[in-house]
Each structure stands twice: as structure tokens, then as C-alpha cells.
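# Reading the structure
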Amino acid sequence: MSIKTIETKPYADQKPGTSGLRKRVTVWQQPNYVENYIQSIFDVLEDRQGKTLVIGGDGRFYNDVAIQKAIKIAAANGFGKVMVGQGGLLSTPAASHLIRHYKAFGGLVLSASHNPGGPDGDFGIKYNIANGGPAPESITEAVFARSKVIGAYRIADVPDVDLSRIGTQKSGDMVVEVVDPVADYAALMETLFDFKAISSLFKSGFRMQFDAMHAVTGPYAHRIIEDILGAPKGTVINGVPSPDFGGGHPDPNLVYAKDLYDLLMSADGPDFGAASDGDGDRNLIIGKNRFVTPSDSLAILAANAPLAPAYAAGIAGIARSMPTSSAADRVAEKLGIEMHETPTGWKFFGNLLDAGRVTVCGEESAGTGSNHVREKDGVWAVLLWLNIIAARKQSVDQIVREHWKTYGRNYYTRHDFEEVDAAIANKLVDDLRAQLPGLVGKSFGNLKVSYADDFSYTDPIDGSVSPKQGIRIGFEDGSRIVLRLSGTGTVGATLRLYVERYEPADGQHDLETQAALEPLIALAEQLAGIKARTGRQAPDVIT
Ligand code: G16
């Protein structure tokens with residue numbers, strides 16, 4: 001095999017964010033941009049010689065180009081084998097499963113998740129380690145450091161691999177196995193859930209709509225929900241992955257999946273609606289006349305997990321990202337199990353899952369998952385909901401209401417201000433941080449501040465410390481205001497304001513969410529001045 005060593009100049013901006021490196025496609029199209037980044041990853045990985053690497057992506061624009069480069073660079077860097085999904089497709093959780101199942105060294109996931117695709121959209125690459133989860137900060141920081149000084153990359157001078165053909169090929173001396181992207185993942189799901197009960201549910205006339213948003217979960221949902229579980233054809237819509245997601249924004253929230261929401265709120269709508277994002281790790285859950293917030297979904301899934309065979313013996317613990325509502329904390333308290341609050345980013349759950357300290361994890365950003373892989377998993381969340389509905393023989397609305405009756409309701413909302421001038425956003429956060437020491441003990445109307453800090457996380461397993469993970473202002477009644485900068489945006493800064501209020505009393509659970517949270521939203525504006533300083537009249541997205 002002929003291996004070329006190509007000289008290159010470093011780029012200064014290859015700093016991975018919350019989940020890998022995400023940039024506009026036009027940034028990735030710069031000379032050697034992809035090559036530099038992948039070589040920087042490989043340069044910090046020791047002992048990769050002869051090992052197996054999993055590669056796949058969400059099928060977005062530029063995947064086909066980047067994946068061929070990744071294979072050739074892997075071949076030139078001593079990997080023994082690459083496993084790649086047919087057509088270059090692998091959902092993020094399926095990639096995580098393949099890494100674990102085949103004991104691979106790690107994997108490259110080519111995706112910018114829920115960000116829009118196409119020539120003017122976003123593209124991304126992230127590296128997952130041998131446990132199947134996103135690389136921890138120690139690795140992503142080393143990759144960034146390497147990318148700033150890289151002088152050359154190695155690439156095999158070989159033809160492209162035919163990704164349409166399942167089976168084994170060669171790229172130079174390296175074996176390339178093109179696999180069915182769905183088969184192993186579907187087999188895993190079958191071991192976790194009561195497929196018989198879910199099939200019977202569909203046989204009994206239960207109606208569902210799954211919106212794959214023209215993204216990667218289409219093939220997974222068609223195969224599992226329609227072919228295996230027997231839901232009628234047409235249950236899955238927008239099920240063919242497209243490079244620009246059909247011109248849409250593959251983020252399963254109430255803004256971009258509004259049609260699904262409207263359908264579920266209509267008189268003759270189905271019983272259950274769900275959607276997933278670009279790379280298949282997020283989920284949206286809507287019952288007939290009942291939207292379930294991701295934070296509530298985490299709490300309800302954790303409380304009911306033992307209804308699914310895989311979790312019948314109970315769960316060891318729950319973890320949630322800091323901005324996620326504390327609904328799950330109340331479940332953990334009742335069950336007498338561990339509860340962990342981690343920074344935003346699935347990578348922070350990895351150690352807890354590996355150590356068996358937690359079984360179920362979740363985030364307000366529409367991510368839920370368990371110890372079956374080391375990523376959040378959209379289809380998994382949908383199947384667990386179906387399993388719970390089948391077992392409890394109740395509607396989503398009934399299940400949610402009973403949950404609130406038992407645990408109380410955490411009213412919760414997130415307001416996003418996107419593409420804000422980065423200097424203004426940073427100053428705003430700095431200024432709020434400066435106010436924090438003076439806030440503790442202060443009262444604003446009925447709200448008395450019990451703590452105010454910039455969240456710092458010490459990993460209980462390896463002791464690593466992640467400071468400055470977002471500002472928290474907590475009140476004595478359990479209410480909370482959180483403000484942080486997103487780590488996944490690609491233009492300017494995205495400010496995220498998270499607001500939560502706990503309502504224990506039965507009978508106070510039917511307020512409209514924004515109205516219920518109005519005093520806290522107004523106080524957040526008083527303290528941080530987002531609208532005043534950015535000139536924005538309203539958030540770009542409310543979830
Ligand atoms: C990624 C991370 C999640 C995180 C989300 C939002 O999700 O994996 O852990 O919650 O981004 O992060 P931020 O608030 O920093 O934008 P995904 O689905 O985009 O990979």
C-alpha cells in the first residue's frame with residue numbers, strides 16, 4: 001500500500017464543543033480541514049495499530065466525501081479494520097453499540113446532530129472511545145492542542161471504498177467491512193424490551209406516528225417499528241435519510257416538529273407521536289393531547305423502567321445534566337438510589353455508566369438513554385415508552401398525570417437566543433457571574449435565593465474537574481434559573497436560559513407552562529438583561 005505524507009498547516013479553530021467539532025460545511029471544505037482534524041485525533045490515540053475503528057454518520061451533505069477521507073487516513077495510520085455502515089449510515093447510538101459489541105478501539109461519528117444540513121448547513125465529526133461513548137475532555141483537549149501544531153497527515157493512496165455493498169473489501173492493507181446499519185442495533189433492542197407486548201399493542205389498534213425528519217432513524221424505525229413490531233406501514237414518516245434533511249431542521253422539538261405536535265393535538269390524531277434528530281440520539285415524545293418535556297420523560301422512564309425486561313431488577317441510579325429539571329431527582333429519592341448532576345454533554349455520563357453507578361441518564365435537550373450503549377438513544381426512548389404504555393395499559397396523558405400526582409410537577413422551559421454576538425453574550429454571562437456572591441439570601445418577591453454559583457463538576461470516578469459549566473440560581477421553594485452558553489452552535493453564541501418551578505400540590509398541575517414560569521422569566525431578565533443587551537424581543541426557540 002502506498003502511503004502519502006502530506007504537509008499541512010494547522011487551523012486555529014478545531015476546538016471540539018459539547019459534542020465533537022461542528023462547523024459550517026464551507027469550513028470543512030477548506031483544504032485539509034477534515035484531514036487535519038482526523039489526523040489530530042489519531043495522533044493522540046496510542047496503541048491503535050491493528051485495531052478496529054467504527055465509522056458512520058447521519059448521511060448529511062459532505063458525509064460521503066469525509067467518510068472516504070476518514071477510511072484512507074485510518075488505513076495510513078495503522079488501523080487493522082474499519083467497520084462502516086452501508087451507505088455511510090450509522091445512527092449515533094448504533095455506532096456506540098457496534099463499538100461495544102465488536103470490542104472496537106473506537107469510532108468516528110460524522111454528524112452535526114440536530115443542526116441543519118446541506119451545502120450551507122453544518123457538518124461535524126466526533127470521536128468515541130472503546131466504551132462506545134464520546135471522548136472525555138482529556139482527549140478532546142489533547143486533540144485541540146494537536147490540531148494547533150499539526151504539520152502533516154498520512155493518507156493511503158488507494159481508490160474509494162464501495163459503501164453500497166455489504167461485505168468485506170480492502171483499503172490498502174486495511175480490511176473494510178460494510179455492515180447493515182440496523183441489524184445489530186435491532187437485535188439489541190429486542191433483548192431490552194417486551195416486543196411481544198408492544199406488537200400486541202399495535203394489533204389492538206394503537207396508532208402511532210414516528211417522524212424520522214428525513215434523517216438517520218428512518219431505516220431503524222421502518223425496520224423495528226413497522227417490520228418487526230408490526231405497526232402499520234405509514235406509521236413512520238419522512239423515513240428516507242436525505243443529505244439536507246428534506247430542507248428541514250432535524251431537531252425534534254415543538255418548533256421543528258410542529259406538524260407532529262398539531263397532529264397529536266387534533267381530535268382524530270394518533271395515540272402516540274415521536275420523532276428523532278439528525279443522528280438518532282434525541283427524541284420527542286407526544287401523547288394524544290399531551291406533550292412530555294424531556295425532563296419529565298427522563299423521570300417517567302426512570303420510574304417505570306422495571307416494566308421493561310432489561311431493567312426488571314431495578315435501576316442502580318439516575319444521572320441528569322445540570323440544566324435538566326430536578327423531576328428525576330424525586331424519583332431517585334423515592335427509590336433510594338443514586339442521583340448525579342453532571343455538566344451538559346453525554347460524555348459526562350460515561351464514567352458513571354461504566355462504574356455501574358447509574359442505569360438511566362437524560363438531558364433537557366431531548367436526550368435519554370441507559371447503560372445499553374454510551375450515547376443517548378432516540379429509538380430506545382420511544383421503545384421504552386411503548387413498552388411502558390403496553391404494560392400499564394394507559395395513555396401517555398394518564399401516565400404523566402399519575403406521575404405528577406405521585407412526585408409533583410416541575411414546570412420547565414428553555415429559552416434559546418441564537419447567533420448572538422459572541423462578545424455581548426460572554427460579557428452578559430461574566431456580569432451575571434460577578435453578581436452571584438451578592439445574591440445568596442436575597443429575596444425577589446416570594447423568591448428567596450438559597451444558592452447562586454457557576455456549576456463545577458468533579459467526576460466521582462476519576463476525580464477530573466470541569467469548572468464553569470453554567471450559572472445556577474436556586475430558590476428556597478425549589479425553583480431555579482440557569483444560564484449558559486451552548487457548546488453546539490456554529491455561528492456566534494447561543495444563550496440558553498432554563499427556568500424551573502416545582503409544584504408539589506395535587507390540583508396545581510394544569511397551568512400553562514410559560515404562564516406558570518412568568519415571574520422567574522421576568523426575574524432572569526432583571527438579573528441578566530438578555531433582551532436588553534442583545535436587543536432581542538423574544539427567544540428564537542422555546543422548548
Ligand atoms: C449535544 C450533546 C448533549 C447536549 C446537547 C446540547 O447533543 O451530546 O449532551 O445536551 O448537545 O448542548 P448545548 O446546550 O451545549 O448546545 P447532540 O444531540 O447535539 O449531539
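The rules behind the values
Residues numbered from 1 in each chain as written. Predicted model: local features only at pLDDT ≥ 70, side-chain atom pairs only at ≥ 80, totals over all residues. Heavy atoms only, no water. Helix = DSSP H or I, 4+ residues; strand = E, 2+ residues; numbered from the N terminus. Rg over C-alpha atoms; globule rule 2.2 N^0.38 Å. Buried < 20%, exposed > 50% of the residue type's maximum accessible area, 1.4 Å probe, protein only. Contact = heavy atoms within 4.5 Å. Areas by Shrake-Rupley, 256 points an atom, 1.4 Å probe, with all protein chains shown as cover. Lys, Arg positive; Asp, Glu negative; His and termini not counted. Charge placed at Lys NZ, Arg CZ, Asp CG, Glu CD. Pairing = 2+ DSSP bridges. Axes fitted to C-alpha atoms, helices over the stretch in contact; angles between N-to-C directions. Near = heavy atom within 4 Å. Nonpolar A, V, L, I, M, F, W, Y, C, P; charged D, E, K, R; others polar. UniProt positions renumbered as here; feature names shortened; annotations may be inferred.

With that out of the way, let us pick up the overall build of the protein chain. A count of helical and extended segments in the protein chain gives 18 helices and 27 strands. Whereas a compact globule of 543 residues would reach a radius of gyration of roughly 24 Å, the protein chain reaches 23 Å, a difference of no more than 12%. With the C-alpha coordinates of the protein chain rotated into their principal frame, the extents come out at 70 × 60 × 40 Å. Here the protein chain holds 543 residues, and 58% of them are scored as buried. Taking the contacts inside the protein chain whose residues are at least 6 apart along the sequence as the reference set, 71% of them involve residues at least 24 apart. Accessible area of the protein chain: about 19800 Å², with a carbon and sulfur share of 50%. Here the protein chain carries 55 positive and 65 negative side-chain charges, and the mean point of each set is 2 Å from the other.

Spatial strand order, β2-β6-β5-β3-β4-β9-β8: 7 strands in an open sheet with mixed pairing. Strands at the two margins of the open sheet, each flanked by one partner only, are β2 (21-24) and β8 (167-171). Sheet twist, expressed as the mean angle between neighbouring strand axes with direction ignored, is 20°. In this sheet, strand β9 (residues 174-179) lies alongside β8 in antiparallel orientation, the contact comprising 5 bridges. Note on β9: the bridge partner recorded for Thr168 is Glu177. Here helix α2 (residues 33-43) sits on the sheet and contacts β2, β3 (52-57), β5 (106-110) and β6 (122-128); the angle it forms with β6, its principal contact strand, is near 15°. Running at roughly 175° to β3, helix α3 (residues 63-76) makes contact with β3, β4 (81-89), β5, β6, β8 and β9 of the sheet.

Attention shifts here to the site of the ligand. Close to the ligand lie 19 residues, the nearest being Glu363, Ser486, Gly487, Thr488 and Arg496. In isolation the ligand exposes 460 Å². Once the protein is present, 99% of that is buried. Its residues assigned to classes, the shell around the ligand shows 1 nonpolar, 10 polar and 8 charged.

It is worth spelling out the pairing of strand β13 (residues 283-287) at this point. Each regular strand carries side chains that alternate between the two faces of the sheet. A large share of β13 lies buried, amounting to 5 of its 5 residues. By the alternation rule, side chains of β13 split into Asn283, Ile285 and Gly287 and Leu284 and Ile286, which are all buried. Note that strand β12 (residues 272-276) and β13 share 5 bridges and pair antiparallel. When the sheet's bridge partners are listed, Ser276 is paired in β13 with Asn283. Between β12 and β13, which pair antiparallel and follow one another directly, the connecting turn spans 6 residues, one of which, Gly280, has a positive phi of 80°. For β13 and strand β14 (residues 290-292), the ladder comprises 3 bridges, and the chain directions are antiparallel.

This brings us to the UniProt feature "domain: Alpha-D-phosphohexomutase alpha/beta/alpha" (unreviewed entry) in the protein chain. Sites flagged by UniProt as "domain: Alpha-D-phosphohexomutase alpha/beta/alpha" (unreviewed entry) map to residues 14-147, 184-286 and 295-407. Split by type, residues 14-147 is 37% helix and 23% strand. Its first and last C-alpha atoms lie 7 Å apart. Secondary structure over residues 184-286 splits into 37% helix and 15% strand, and the C-alpha atoms at its two ends are 28 Å apart.

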